[in-house]
Amino acid sequence: MDSTFHAFVVTEDAGKVIATLRDATLDELSEGNVLVRVAYSALNYKDGLALTGRNRVVRTYPLAPGIDYAGTVVESADPALKPGDAVVLTGWGVGERYWGGFSQFARAHGEWLVPVPSPLTLRQAMQLGTAGVTALMAIEALEAHGLTAGAGDVLVTGATGGVGSVAVMLLHALGHRVVAATRDRDAVSYLTALGAAEVVDSATLVPQGGPLGSARWAGAVDTVGGGLLAGVIRTLGPGGSVAACGNAGGFDVPTSVLPFILRGVNVLGIDSLPVPLARRKALWARLALITPFARLDTITTTIGLDGLPRAAEEILAARTRGRVLVDVNA
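Owing to the predicted nature of the structure, the values given are computational and were not obtained by experimental measurement. For every chain, the first residue of the written sequence is number 1, and numbering continues from 1 onward in sequence order. Owing to the predicted nature of the model, reporting of local features is limited to residues with pLDDT of at least 70; listing and counting of side-chain atom pairs is limited to 80 or more, with chain, interface and lining totals taken over all residues. Side-chain metrics in this entry use all non-hydrogen atoms of the structure; hydrogen atoms and water are not considered.

(A) Geometry of the packing of helix α2 (residues 122–144) against helix α7 (residues 277–290). Here α2 crosses α7 at 100°, and the two axes come no closer than 10 Å. Compared by their axis directions, α2 and α7 come out roughly perpendicular. For the pair formed by α2 and α7, the contact residues are Ala125, Leu128, Gly129, Gly132, Val133, Leu136, Met137, Glu140 and Glu143 on the first element and Arg279, Leu283, Trp284, Arg286, Leu287 and Ile290 on the second. Among the residues forming the contact of α2 with α7, the class breakdown is 9 nonpolar, 2 polar and 4 charged. Axis angles are defined between N-to-C directions and span 0 to 180 degrees, where every axis is a line fitted to C-alpha atoms and, for a helix, only to the segment in contact. Counting from the N terminus, the helices are the DSSP runs of H or I reaching at least four residues and the strands are the DSSP runs of E reaching at least two. Any angle between 65 and 115 degrees counts as roughly perpendicular, while under 35 counts as roughly parallel, over 145 as roughly antiparallel, and the rest as oblique. Contact definition: two residues touch when any of their heavy atoms are within 4.5 Å. Ten residues, namely Ala, Val, Leu, Ile, Met, Phe, Trp, Tyr, Cys and Pro, are considered nonpolar, four, namely Asp, Glu, Lys and Arg, are considered charged, and the remaining ones, Gly among them, are considered polar.

Okay, here's the thing in structure tokens:
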């Protein structure tokens, strides 16, 4: 095993966050009973914040960001995992509190790692990654609250982002009529290729009048938050639910009690970080079953570690589409 390897590491100096691609050593990795040779990570919105020092999402320095990764077990003290096993990790504070995926090696606790289910490859597992887990959790929350195929239009906001793109793709695969909301006027062909039956301008969903609008959605996946989530709430159909999993549009949701007491709508919060291993395995098993693999490359842009600084600025400015896959060995 090489004594050093490449990693993109953030440090703090006099209150300023500095991100550097450099050689790292195994001694720098976080504690854990499984050592993983990372093949792929991905750039998520939170990673963009970590690399640029915004919102202080990194809690300890020095650290390699990267909140998800897929790779191969090199060493294991966990009896459930052995060298050579293909594994995927999402959540658990990795890339925030613990050494993350923007590195050719990472160490984790065995209960954080999910064996990659057949027929997924390591690349496909990370094309889905955190976005896939979060999108499916949102969809399953809607299903648990009564959403069925054919019940009506299902809205996805922030549809060109990672979670949004996967949600559109999976909802279509499950037989729903999907309406994709985006600010990107050039994204119609991209979203229809993923399965969207209709594409709408996000601006039309932001509340313009009273606390209630026309009932339009049987369900919704909101990846944006803020005023857009308020607009979704006021236009849900009776008994409809929105699974909320993002805040890029702001933390405040300017709404009223009327949609809840006059239409019985639900807001379902989605947190994909502390999900138990058994639940993660079930989510990955279903992803392996329902994902339309031919569409994964449509949502994927691939970069190396050296492409992270520019890509971080792009994702924070909402100028990326789908998943930005990071080949850490490129």
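The discussion continues.
(B) The pattern of salt bridges, seen in detail. Counted as salt bridges are all cases of a side-chain nitrogen of Lys or Arg within 4 Å of a carboxyl oxygen of Asp or Glu. Under the definition given, this model contains 12 salt bridges. Between arginine 22 and glutamate 28 there is a salt bridge, and its shortest N-O distance comes to 2.7 Å. The buried label goes to any residue with under 20% of its type's maximum accessible area, the exposed label to any with over 50%, and the partly exposed label to all in between, with areas taken from a 1.4 Å probe on protein chains only. You can call arginine 22 partly exposed: its relative accessible area is 26%. Residue aspartate 85 is joined to lysine 82 by a salt bridge in which the shortest nitrogen-to-oxygen separation is 3.0 Å. Residue aspartate 85 is classed as buried on the basis of its relative accessible area, which comes to 17%. Relative accessible area serves as the criterion here: at 53%, lysine 82 is assigned to the exposed category.

(C) Representation of a nonpolar patch on the surface. Here a patch means residues that are over 30% exposed by relative accessible area and free of salt bridges, tied together within 9 Å if like-charged and within 5 Å if nonpolar (Val, Leu, Ile, Met, Phe, Trp, Tyr). Note on areas: Shrake-Rupley, 1.4 Å probe, and residue coverage restricted to the protein chains presented here. Together, Val257, Phe260, Ile261, Leu262 and Val267 line one region of the surface with nonpolar side chains, adding up to about 450 Å² of accessible area. Checked against the element boundaries, valine 267 lands in strand β13 (residues 266–269). On the basis of relative accessibility, which here comes to 38%, the residue valine 267 falls in the partly exposed class.

(D) Local environment of the packing of aromatic side chains. Ring pairs are drawn from Phe, Tyr and Trp, using the six-membered ring of Trp, whenever the two centres fall within 6.5 Å, and their geometry is named by plane angle: stacked under 30 degrees, edge-to-face over 60, tilted for the rest. All chains considered together, the criterion is met by 3 aromatic pairs. Ring centres of tryptophan 92 and tryptophan 112 lie 5.9 Å apart, and the angle between their planes is 10°; on these two criteria the pair is classed as stacked. With tryptophan 92 in the loop between β5 (86–90) and β6 (105–108) and tryptophan 112 in the loop between β6 and β7 (114–115), this pair connects stretches of sequence that are 20 residues apart. Judged by its relative accessible area of 25%, tryptophan 92 falls in the partly exposed class. Note on tryptophan 112: relative accessible area 8%, which makes it buried. Taken together, Trp92, Tyr98 and Trp112 form an aromatic cluster joined through their ring pairs.

(E) Structural view of helix α3 (residues 162–173). Here α3 contains 12 residues, and its C-alpha end-to-end distance of 17 Å stays within 8% of the 16 Å for a straight helix at 1.5 Å per residue. Regarding α3, the residues found buried are Gly162, Val163, Gly164, Ser165, Val166, Ala167, Val168, Met169, Leu170 and Leu171. Looking one or two residues past α3, glycine 175 carries a phi angle of roughly 95°, positive in sign. An expected span of 1.5 Å times one less than the residue number is assigned to each helix.

(F) Spatial organisation of helix α1 (residues 45–52). Turning to α1, its buried residues number three or more, namely Asp47, Gly48, Leu49, Ala50 and Leu51. The elements touched by buried residues of α1 are β1 (5–13), β2 (16–24), β3 (34–43) and α8 (308–316). Looking at the residues trailing α1, positive phi occurs at glycine 53, about 80°.

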